[in-house]
Amino acid sequence: MSASTESGEVTGTRDKTYNLIWYVEKCLSNALRMDTFIADAERDGDHETVELFTKAQSDSLKGAEMGKKLLRARLV
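So, how was this worked out
- Within every chain, residues take consecutive numbers counted from 1 along the sequence as written.
- Local features in this predicted model are restricted to residues of pLDDT 70 or higher, and side-chain atom pairs are both shown and tallied only at a pLDDT of 80 or more, whereas totals for entire chains, interfaces and linings draw on every residue.
- Processing note: side-chain calculations cover all non-hydrogen atoms of the structure and skip hydrogens and water entirely.
- The way it works is that DSSP assigns letters per residue, a run of H or I at least four long becomes a helix, a run of E at least two long becomes a strand, and they are numbered from the N terminus.
- Categorising residues by exposure relies on relative accessible area from a 1.4 Å probe, with only protein chains included: less than 20% of the type maximum marks a residue as buried, more than 50% marks it as exposed, and the intermediate range marks it as partly exposed.
- Whenever two N or O atoms come within 3.5 Å, that pair is a polar contact, provided that in protein one can donate a hydrogen and the other can accept it, and provided that, for residues adjacent in sequence, both atoms are side-chain atoms.
- Residues enter a patch when their relative accessible area is above 30% and they make no salt bridge; the linking distance is 9 Å between like charges and 5 Å between nonpolar side chains (Val, Leu, Ile, Met, Phe, Trp, Tyr).
- Accessible areas in this description were obtained via Shrake-Rupley with a 1.4 Å probe; residue shielding takes into account the shown protein chains only.
- By definition, a salt bridge exists where a carboxyl oxygen of Asp or Glu is found within 4 Å of a side-chain nitrogen of Lys or Arg.
- By the counting scheme adopted, Arg and Lys are positive, Glu and Asp are negative, and His together with the chain ends is not counted.
- The atom standing in for a charge is NZ when the residue is Lys, CZ when it is Arg, CG when it is Asp and CD when it is Glu.
- Two aromatic rings from Phe, Tyr or Trp, using only the six-membered ring of Trp, form a pair when their centres are within 6.5 Å; if the ring planes differ by under 30 degrees the pair is stacked, by over 60 it is edge-to-face, and anything between is tilted.

J.: Hey, could you go over the environment of Asp46 for me, with residue numbers and the actual values?
T.: Mapped onto the elements of the fold, Asp46 is located in the loop between α1 (15–43) and α2 (47–74). Among the residues examined, Asp46 registers a relative accessible area of 32% and is labelled partly exposed. Within the structure, the side chain of Asp46 is placed 2.7 Å from the side chain of Thr49, a separation counted as a polar contact.

The following block contains the structure:
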């Protein structure tokens, strides 16, 4: 069975729920990675890149919060 046809029969988790969980995890993982990228850019004195990665981190955290809100409402 391919992953594209999984609808909860095998894993017990419906695709849309799994997708939300995956999305939140990736957003949070990206936010953590941005810490490293920001530190690297700061060390090199590259303020434009610091600004870019700081915005990316903020956007990732916002996406994670939005995803967690949807999950909370659906997993009750």
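J.: If you had to explain a negative patch on the surface to someone new, which residues and values would you point to?
T.: Taken together, Asp44, Asp46, Glu48 and Glu51 make up a surface patch of like negative charges. Within the element layout of this structure, Asp44 appears in the loop between α1 and α2. With a relative accessible area of 59%, Asp44 lands in the exposed category.

J.: Describe the pattern of salt bridges, and please don't skip the residues or the numbers.
T.: In the structure shown here, the tally under the stated rule is four salt bridges. With its nearest N and O atoms 3.5 Å apart, the salt bridge here joins Lys26 to Glu25. Linking Lys68 and Glu65 is a salt bridge whose minimum nitrogen-to-oxygen distance equals 2.8 Å. One end of the pair is Lys68 and the other is Glu65, both in helix α2 and three residues apart, which spans about a single turn. For Glu65, a relative accessible area of 41% translates into the label partly exposed.

J.: For the packing of aromatic side chains, give the residues involved together with the corresponding values.
T.: Evaluated as defined, the whole model comprises one aromatic pair. Measuring from ring centre to ring centre gives 5.2 Å for Phe37 and Phe53, while their planes differ by 50°; the resulting arrangement is tilted. Here the residue Phe37 occupies a position in helix α1, and Phe53 occupies one in helix α2, the gap between them amounting to 16 residues. Overall, the relative accessible area of 30% leaves Phe37 in the partly exposed class.

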